[in-house]
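Remarks on the overall topology
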Amino acid sequence: MSQTQPYYITTPIYYVNDQPHIGHVYSTTVADIVARYRRLCGQDVFFLTGVDEHAAKVVDAAAQRGLSAQQWADRNAEIFEQTFIRFGMSNNDFIRTSQDRHKTRVQQYVQALMQSGDVYQGEYEGWYDAGQEEYVPDNKAKEYDYKSPINGKPLVKRAEKNYFFRLSKYQHALLSQLEENPQAVQPDARRNEVVARIREGLNDVPISRTGAGGWGIAFPGDEQHAIYVWIDALFNYLTTVDADDRRRYWPADVHLIAKDILWFHAVIWPAVLMALHQRPGYEWVRPAHQVYAHSFWISEGQKMSKSLGNFVDLAKLDHYVATFGLDALRFFLASSGPLGVNDSDFAEARFIDVYNSELANGLGNCASRVSNMTGRYFDGKLPAAIVHVPESEPYANAATGCVARYRQAMDKLQLDKAAAAAMELVRAVDSYIEKTQPFKMIKDPAKKPDVATILYQCAECIRIASVLLWPIMPAKMEQLWDRLGCSSYTAALANRGRGDLDAWTQWGRLQPDTPIQSGDPLFPRYQPPKA
Ligand code: MSP
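Definitions and cut-offs
- Residues numbered from 1 in each chain as written.
- Predicted model: local features only at pLDDT ≥ 70, side-chain atom pairs only at ≥ 80, totals over all residues.
- Heavy atoms only, no water.
- Core = buried A, V, L, I, M, F, W, Y, C linked by side-chain atoms within 4.5 Å.
- Buried < 20%, exposed > 50% of the residue type's maximum accessible area, 1.4 Å probe, protein only.
- Helix = DSSP H or I, 4+ residues; strand = E, 2+ residues; numbered from the N terminus.
- Domains from an automatic or database assignment.
- Contact = heavy atoms within 4.5 Å.
- Near = heavy atom within 4 Å.
- Polar contact = N/O pair within 3.5 Å; in protein donor to acceptor, adjacent residues only side chain to side chain.
- Areas by Shrake-Rupley, 256 points an atom, 1.4 Å probe, with all protein chains shown as cover.
- Salt bridge = Lys/Arg side-chain N within 4 Å of Asp/Glu carboxyl O.
- Axes fitted to C-alpha atoms, helices over the stretch in contact; angles between N-to-C directions.
- Parallel < 35°, antiparallel > 145°, perpendicular 65-115°, else oblique.
- Left-handed = near helix turned anticlockwise from the far one by under 90°.
- Nonpolar A, V, L, I, M, F, W, Y, C, P; charged D, E, K, R; others polar.
- Pairing = 2+ DSSP bridges.
- Phe/Tyr/Trp six-rings, centres within 6.5 Å; stacked < 30°, edge-to-face > 60°.
- Lys NZ or Arg CZ within 6 Å of the ring centre and 35° of its normal.
- Buried area = accessible area lost by both parts, 1.4 Å probe.
- Bend = angle between axes of the 7 residues up to and from the residue.

1. Focus: the nonpolar core
Phe235 and Phe346 are the most contacted members of the largest nonpolar core, which has 186 residues in total. Considering every element that reaches this core, the biggest residue donor is helix H17 (residues 448-469), with 14 residues. Two domains each donate at least three residues to this core, and these are domain 1 (6-294) and domain 2 (348-504). Ignoring anything within four residues of it in the chain, the contact list for phenylalanine 346 reads Ile22, Trp297, Ile298, Ser299, Glu300, Val312, Tyr320, Leu329, Phe332, Leu333 and Phe351.

Below, the structure written as structure tokens:
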């Protein structure tokens, strides 16, 4: 991987009919962690998130409140944007589909598609899932008992005169693309689902809508129609970087999404891009390198629902942040979230357990032990590792192994495995201290040089672990860097700056004599309030 290589990661753009919840915060946090990791590696990163405004349910939600769709969209878009700022997201841009920069481009793309011969006018009748703004194929509708698989509401039979995109024409191209590049849809099980469904045959898809009450982007050349919200929305990934100083980011490296919107991203979107690619001026437009679809959070063992009262909404997330800190929430999302094909349970007991065992008793306690001993035995200055301590051998090597495992995991978006690799290093320090017992050794003055070596090596392991954990817990790791005399890392990474993971994870970078500060515990142990 070349350091200056551009890296482009996107999240879904979220509907603004309602406020953000754990699902939205989760996807954007995962993308943020990956973006930060890539910047830490020195790459030229563009990280995009934003909101999808032109859905019919935005019109409905606004009407219920006596507002215009734009007013309601403005209000919620602001809440999404502020929420992401509050949750520490480092996105480079925030796209709103009602912005002119987006609308103009989308109309240009649709016009180009019209000229491609891949768009025709026709009539469509089918089962419509209003919540998802999506037609469900007849066989699927039957399988779902004519209810939405997402929200359980009845599907409605609907007929429309529309413009259609010839998706059917791309069956072969999509299949061969997935065969040649299995990474294009991940995880593997999700790709297999997609491949199986493409093999069943592809129906052409509507790209226009009527009757959205003027809400949406006007269809070029036909004022009766608006561009179908999903086509409008998918184009956000392209409109945002379709400018001279940003085109280098295309094709996107990863479209991070969840399983609910896989079909649009893994099938319709690449086919639309293939069609556009053939038009003059759009040769640079190609499908993204990868669509990664994670699974869902459930809550306290059940599907989230407002009526069950287990909905992890903003208020609940803010409560977690106030109680445990933002970085603890980010760590929990990264280490326990539904990145694979299974859903994950957001349960308070599970959160507390991860917090106390991994962060309070693990990382926080380990960092305190090392800085406290340095304070007590060496006047708070990092001692040099002069003598050889036989027990130390495995630990320097542990760092090399952990860094390699961490990088492999991060490159595959396996944040849980990456976090585990970094935490292994923390555990290695704990077991090194248990084994050598420097707090006993120090009673024998002849052993002081051994203690010096042990503490130096422990501090080195903690420093390297802190570099690896920075994408997940940036604020806490920067605090730790201040204490370890590594504030230069913070400076390099400030304002979406770039780091140097290779150099910063090299063994032996800490300079002896560096003042090591103890400070308050990074992660104070959590005691649940007595009932
Ligand atoms: N607007 C469309 C996406 C257009 S992208 C071109 C949309 N919006 S949404 O508001 O419904 O957001 C869906 C996304 O939110 C999911 O794909 C996922 O990223 C996230 N999540 C929503 N609920 C979730 C969970 N319960 N768990 C994890 N993530 C989930 O669909």
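2. Description of the site of the ligand
By nearness alone, 23 residues border the ligand, and Ile13, Ser27, Asp52, Asp260 and Trp297 come closest of all. Here an oxygen atom of the ligand and a side-chain polar atom of aspartate 260 are 2.9 Å apart. About the coverage of the ligand: the protein hides 94% of its 670 Å² of free accessible area. Looking at the shell around the ligand, the elements that each hand over two or more residues are strand S1 (6-15), helix H1 (22-40), helix H8 (229-234) and helix H9 (236-239).

3. Quick look at the pattern of salt bridges
Counting across every chain of the model gives 28 salt bridges. One salt bridge in this structure joins aspartate 145 and lysine 147, with 3.5 Å as the shortest N-O distance. Between aspartate 242 and arginine 247 there is a salt bridge; the shortest N-O distance is 2.9 Å. Residue arginine 247 is classed as partly exposed on the basis of its relative accessible area, which comes to 27%. Overlapping salt bridges bring together Arg105, Asp242, Asp244 and Arg247 as one network.

4. Quick word on the packing of helix H7 (residues 188-199) against helix H10 (residues 262-277)
At a minimum axis distance of 11 Å, the contact between H7 and H10 shows a crossing angle of 60 degrees. Here H7 is positioned oblique relative to H10, judged by the angle of their axes. Crossing geometry of H7 relative to H10 is assigned as right-handed. Contacts between H7 and H10 involve Arg190, Glu193, Val194, Arg197 and Ile198 from the first element and Leu262, Trp263, Ala266 and Val267 from the second. Its residues assigned to classes, the contact of H7 with H10 comprises six nonpolar, no polar and three charged.

5. Focus on the sheet that holds strand S11 (residues 222-227)
If you trace the three strands from one edge of the open sheet to the other, you get S9-S11-S10, paired in antiparallel fashion. The strands lining the two open edges of the sheet, one partner per strand, are strand S9 (208-209) and strand S10 (218-219). The sheet contact formed by S9 and S11 spans two bridges and is antiparallel. Considered in S11, the bridge of serine 208 is made with isoleucine 227.

6. Regarding the side chain of histidine 225
Along the chain, histidine 225 falls in strand S11. Ignoring sequence-local partners within four residues, the contact set of histidine 225 consists of Gln121, Lys161, Asn162, Tyr163, Ser208, Arg209, Thr210, Ala218 and Phe219.

7. Describing the packing of helix H6 (residues 171-180) against H7
Two quantities define a packed helix pair, namely the angle between the axes and the distance from one axis to the other. At a closest axis distance of 10 Å, the pairing of H6 and H7 adopts a crossing angle of 155 degrees. With respect to H7, the axis of H6 lies roughly antiparallel. When you trace H6 past H7, the crossing you get is left-handed. Taking contact as the criterion, the partners of Gln171, Leu174, Leu175, Leu178 and Glu179 in H6 are, on H7, Arg191, Val194, Val195, Ile198 and Arg199. Considering only residue class, the contact of H6 with H7 consists of six nonpolar, one polar and three charged.

8. Describing the packing of aromatic side chains
Note on aromatic pairs: each is described by the distance of the centres and the angle between the planes. Applying the stated criterion across every chain yields a total of 39 aromatic pairs. When the ring of tryptophan 250 is compared with that of tryptophan 269, the centres are 6.3 Å apart and the planes differ by 80 degrees; the resulting orientation is edge-to-face. Of the two residues, tryptophan 250 is situated in the loop between H9 and strand S12 (254-258) and tryptophan 269 in helix H10; the sequence distance between them amounts to 19 residues. Centroid distance tryptophan 481 to tryptophan 504: 6.4 Å. Interplanar angle 75 degrees. Geometry classified as edge-to-face. Taken together, the positions of tryptophan 481 in helix H18 (residues 474-484) and tryptophan 504 in helix H20 (residues 501-504) put the pair 23 residues apart, joining distant regions of the chain. Classification of tryptophan 481 as buried rests on a relative accessible area of 0%. One aromatic cluster is present, built from ring pairs that chain together Tyr26, Trp297, Tyr320, Phe324, Phe332, Phe346, Phe351, Tyr355, Phe523 and Tyr526. Directly above the aromatic system of tryptophan 263 lies the positively charged group of arginine 197, at a separation of 3.8 Å from the ring centroid. Positioned above the aromatic ring of phenylalanine 523, the side-chain terminus of lysine 476 is 5.4 Å from the ring centre.

9. Here's the deal with the side chain of glutamate 460
Residue placement: glutamate 460 occurs in helix H17. Judged by its relative accessible area of 0%, glutamate 460 is buried. Every residue in contact with glutamate 460, bar those within four places of it in the chain, is listed here: Gln506, Trp507, Gly508, Arg509 and Leu510.

10. Some thoughts on the domain arrangement of the chain
Taken domain by domain, the chain consists of domain 1 (6-294) and domain 2 (348-504). Contact between domain 1 and domain 2 buries roughly 1700 Å² in total, counting both sides, with carbon and sulfur atoms accounting for 66%. At the boundary of domain 1 with domain 2, the tally comes to one salt bridge. With a shortest N-O distance of 3.6 Å, aspartate 411 and arginine 38 are connected by a salt bridge. Linking domain 1 to domain 2 there are seven residue pairs in polar contact (both at pLDDT 80 or more). Elements with a contribution of two residues or more to the side of domain 1 that touches domain 2: H1 and S12.

11. Examining helix H13 (residues 348-378)
In an α-helix there are 3.6 residues to a turn, and that puts residues three or four apart on one side. Of all the bends in H13, the largest measures some 40 degrees and sits at asparagine 365. Two residues or fewer after H13 comes aspartate 379, characterised by a positive phi angle close to 55 degrees.

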